[in-house]
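Next come the chains, spelled out residue by residue.
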2 protein chains.
Amino acid sequence: MNELFLNELKEKFGITFKNLAFLQEAFTHSSYVNEHRDCKIQDNERIEFLGDAVLELTVSRYLFDHYPELPEGKLTKLRATIVCEASLSLFAKEYGFDKYIRLGRGEERMNGRNRPALLCDLYESFIGALYLDQGIEAVLDFLRQTMFPKIATGAFSHVMDHKTNLQEWLQQDGEIIIEYRLIDEVGPAHEKEFIVEVSAKGKVLGSGSGKTKKAAEQSAAENALKTIQSR
Amino acid sequence: MNELFLNELKEKFGITFKNLAFLQEAFTHSSYVNEHRDCKIQDNERIEFLGDAVLELTVSRYLFDHYPELPEGKLTKLRATIVCEASLSLFAKEYGFDKYIRLGRGEERMNGRNRPALLCDLYESFIGALYLDQGIEAVLDFLRQTMFPKIATGAFSHVMDHKTNLQEWLQQDGEIIIEYRLIDEVGPAHEKEFIVEVSAKGKVLGSGSGKTKKAAEQSAAENALKTIQSR
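Reading the values: the criteria
Residues numbered from 1 in each chain as written. Chains lettered and ligands numbered in written order. Predicted model: local features only at pLDDT ≥ 70, side-chain atom pairs only at ≥ 80, totals over all residues. Heavy atoms only, no water. Contact = heavy atoms within 4.5 Å. Buried area = accessible area lost by both parts, 1.4 Å probe. Salt bridge = Lys/Arg side-chain N within 4 Å of Asp/Glu carboxyl O. Polar contact = N/O pair within 3.5 Å; in protein donor to acceptor, adjacent residues only side chain to side chain. Helix = DSSP H or I, 4+ residues; strand = E, 2+ residues; numbered from the N terminus. Nonpolar A, V, L, I, M, F, W, Y, C, P; charged D, E, K, R; others polar. Domains from an automatic or database assignment. Core = buried A, V, L, I, M, F, W, Y, C linked by side-chain atoms within 4.5 Å. Buried < 20%, exposed > 50% of the residue type's maximum accessible area, 1.4 Å probe, protein only. Least-squares fit on C-alpha atoms with pLDDT ≥ 70 in both. Pairing = 2+ DSSP bridges. Axes fitted to C-alpha atoms, helices over the stretch in contact; angles between N-to-C directions. Parallel < 35°, antiparallel > 145°, perpendicular 65-115°, else oblique. Left-handed = near helix turned anticlockwise from the far one by under 90°. Phe/Tyr/Trp six-rings, centres within 6.5 Å; stacked < 30°, edge-to-face > 60°. UniProt positions renumbered as here; feature names shortened; annotations may be inferred.

**Observations regarding the interface of chain A and chain B**
Here is step 1: Taken together, the contact pairs 25 residues of chain A with 25 residues of chain B.
Here is step 2: Of the roughly 2,300 Å² buried between chain A and chain B, counting both surfaces, carbon and sulfur atoms make up 68%.
Here is step 3: Our count for the chain A to chain B interface comes out at zero salt bridges.
Here is step 4: On inspection of chain A and its partner chain B, the count reaches eight residue pairs in polar contact (both at pLDDT 80 or more).
Here is step 5: When residues of the side of chain A that touches chain B are traced back to their parent elements, those giving at least two are α4 (45–66), α5 (72–82) and α8 (116–134) of chain A.
Here is step 6: Among the elements that take part in the side of chain A that touches chain B, α4(A) stands out by supplying 13 residues, more than any other.
Here is step 7: Among the residues making up the side of chain A that touches chain B, the classes are represented as 15 nonpolar, two polar and eight charged.

Written out as structure tokens, the structure reads:
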């Protein structure tokens, strides 16, 4: 493996592979193997199969532990926005993995090095290699440094409703009771508008309006989140 | 929890739960919760979400380790025939799990206790509970007693081809070289039939015929497997 990459893994993430063959396999695309049939090298597809399952479990466990109030349907939805091509390919790029994968010449010419599907597979292969080399705890360690903080600060929470997002955000520092209070109803009966205020620990965080109380609560939570996150 | 069930778990699988709340949650269907809203009980959906991911990883790892020659596509296919409603619901039934789940009266009347989707979820919930209570090693222990031997003896291998199945079967006791030899061609040129013999360690295991050499090899492998497995 490239020495520069090994140093980067060590410096950025504190990772030192014991068996470099796992890492080598993870960073070998099938297009490279096809051009070196005589060399008996293995592409990263099997190790990606394993990495995908490792990621599913580690992320599921994180969500299960940190979102005790979320029902199964929302957990599944949230996991799907995290463990997906769009997000994993960005992680692979962010960590510079794209620079070190071995590609065939055809794939290289077709700009494969920047293809999201390829980068996503590469991220999962890396997870698979780390798991094979050092077990699931090492994967958790890596995710605690990289992915989990992003989940905690709501980077994937757009699939959840604003009230849930606000709760998650505020609960980072421990349990907290959030209150929604109807403070006004305006307009004629057939076109009423509700105004709701949201507060926690006796402090008003924001307010919002809507055609139903529920919509007004969502709007209040959204405004509160914007204010808090822009501080 | 039912004492009889706790004894069954201990006697059949050597499993004793430390925290019975996990087991209770795993064996509580949402229809039961809906009928007992005042009791603040939790249905098994969140724990099933976790169990599903635990099962994906444990089965993936087993396949990865035991089928070193299978490409990713076949691993995925094989895993899908194992971790699926049809097979997991049968496991749940085989272990008598169906007797102990708490259902609502409506679900009970609709014969929910025998519904494959419900039984499959129940199996995954049980895995989730075992994982939360005792970690992934305990799940592996359970699978080594129950599921993995079935995989090893080919219960799910119908998705693979006969040659692969034969190889897997014979490789249970270590690496082995399997040879296919064309021993005859019969019939006129436009309707030729090939006869192939398969052998390992110098011993003929079976033979088969087909319109192509490939088909004859598959047929020979199928016949060899039948003979070996009926011994």
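**Focus on the domain arrangement of chain A**
Reports of interface size often rely on the accessible area that becomes lost once the parts have come together.
Residues and elements named next belong to chain A.
Here is step 1: Each domain of chain A was delimited in the assignment, giving domain 1 (3–156) and domain 2 (162–230).
Here is step 2: Distance between the C-alpha centres of domain 1 and domain 2: 38 Å.
Here is step 3: With six residues of domain 1 at the interface, the matching set in domain 2 holds six residues.
Here is step 4: Buried surface at the junction of domain 1 and domain 2, summed over both partners, amounts to about 460 Å²; 55% is from carbon and sulfur atoms.
Here is step 5: Seen at the junction of domain 1 and domain 2, the total is zero salt bridges.
Here is step 6: Seen at the junction of domain 1 and domain 2, the total is zero residue pairs in polar contact (both at pLDDT 80 or more).
Here is step 7: Tallied by class, the residues present in the side of domain 1 that touches domain 2 amount to three nonpolar, two polar and one charged.

**Looking at the nonpolar core**
Here is step 1: Core analysis: the biggest nonpolar cluster contains 110 residues, and A:Y123, A:M147, B:Y123 and B:M147 have the highest contact counts within it.
Here is step 2: Apart from the residues lying within four places of it in its own chain, the contact partners of B:Y123 are B:L55, B:L88, B:F91, B:A92, B:Y95, B:F97, B:F142, B:L143 and B:M147.

**Comments concerning the relation of the copies chain A and chain B**
Here is step 1: Once turned by 180° and shifted 0.3 Å along the axis, chain A lies on chain B with an RMSD of 0.4 Å. In symmetry terms, the pair is related by a two-fold rotation axis.
Here is step 2: Same-surface contact between copies: 100% of interface residues of chain A are shared with the interface of chain B.

**Overview of the side chain of B:S89**
Residue and element names in this part refer to chain B.
Here is step 1: For S89, the location among the structural elements is in helix α6 (residues 85–94).
Here is step 2: Exposure remark for S89: the relative accessible area of 8% places this residue in the buried category.
Here is step 3: When sequence neighbours within four positions are dropped, the list of residues in contact with S89 reads P116, L119 and C120.

**As for the pairing of strand β2 (residues 193–200) of chain A**
Residues and elements named next belong to chain A.
Here is step 1: Here β2 lies mainly inside the structure; six of its eight residues are buried.
Here is step 2: Sheet analysis places strand β1 (residues 178–186) next to β2, joined by eight bridges and oriented antiparallel. If you follow E179 over to β2, its bridge partner there is S199.
Here is step 3: The antiparallel hairpin formed by β1 and β2 contains six residues in its connecting segment, where G187 sits at a positive phi of about 85°.

**Quick look at the packing of α4(A) against helix α4 (residues 45–66) of chain B**
Here is step 1: Two elements in contact, α4(A) and α4(B), have axes separated by 9 Å at closest approach and are oriented at 155°. In terms of axis orientation, α4(A) runs roughly antiparallel to α4(B). The way α4(A) lies across α4(B) gives a crossing that is left-handed. Between α4(A), through A:R46, A:I47, A:F49, A:L50, A:A53, A:V54, A:E56, A:L57, A:S60, A:R61 and A:F64, and α4(B), the contact on the second element is made entirely by B:R46, B:I47, B:F49, B:L50, B:A53, B:V54, B:E56, B:L57, B:S60, B:R61 and B:F64.
Here is step 2: Of the residues in the contact of α4(A) with α4(B), the class split is 14 nonpolar, two polar and six charged.

**A short note on the packing of aromatic side chains**
All names here are of chain B.
Here is step 1: In the structure shown here, the tally under the stated rule is 34 aromatic pairs over all chains.
Here is step 2: Centroid distance F5 to Y100: 4.5 Å. Interplanar angle 20°. Geometry classified as stacked. Note that F5 is positioned in helix α1 (residues 3–13) and Y100 in the loop between α6 and α7 (105–109), a separation of 95 residues in sequence. Y100 carries the same exposure label as F5, and that label is buried.
Here is step 3: For the pair F91 and F156, a centre-to-centre distance of 6.5 Å together with 45° between the ring planes defines the contact as tilted. Here the residue F91 occupies a position in helix α6, and F156 occupies one in the loop between α10 (148–152) and α11 (162–170), the gap between them amounting to 65 residues.
Here is step 4: For F91, a relative accessible area of 3% puts it in the buried group.
Here is step 5: A relative accessible area of 8% means that F156 is categorised as buried.

**What about the UniProt feature "binding site: Mg(2+)" (unreviewed entry) in chain A?**
Residue and element names in this part refer to chain A.
Here is step 1: Mapped onto this numbering, the UniProt entry gives "binding site: Mg(2+)" (unreviewed entry) at E48, D121 and E124. Taking the farthest pair of C-alpha atoms as the criterion, the annotated set spanning 77 residues converges on one region, since that pair is 6.2 Å apart.
Here is step 2: On the secondary structure map, E48 appears in helix α4.
Here is step 3: In contact with E48, other than residues within four places in its own chain, are D121, E124 and S125.
Here is step 4: Position of D121 among the secondary structure elements: in helix α8.

**So, the pairing of strand β3 (residues 203–210) of chain A**
Here is step 1: Direction of pairing for β2(A) relative to β3(A): antiparallel, over a ladder of seven bridges. Its bridge partner lying in β3(A), A:V198 is registered against A:G206.

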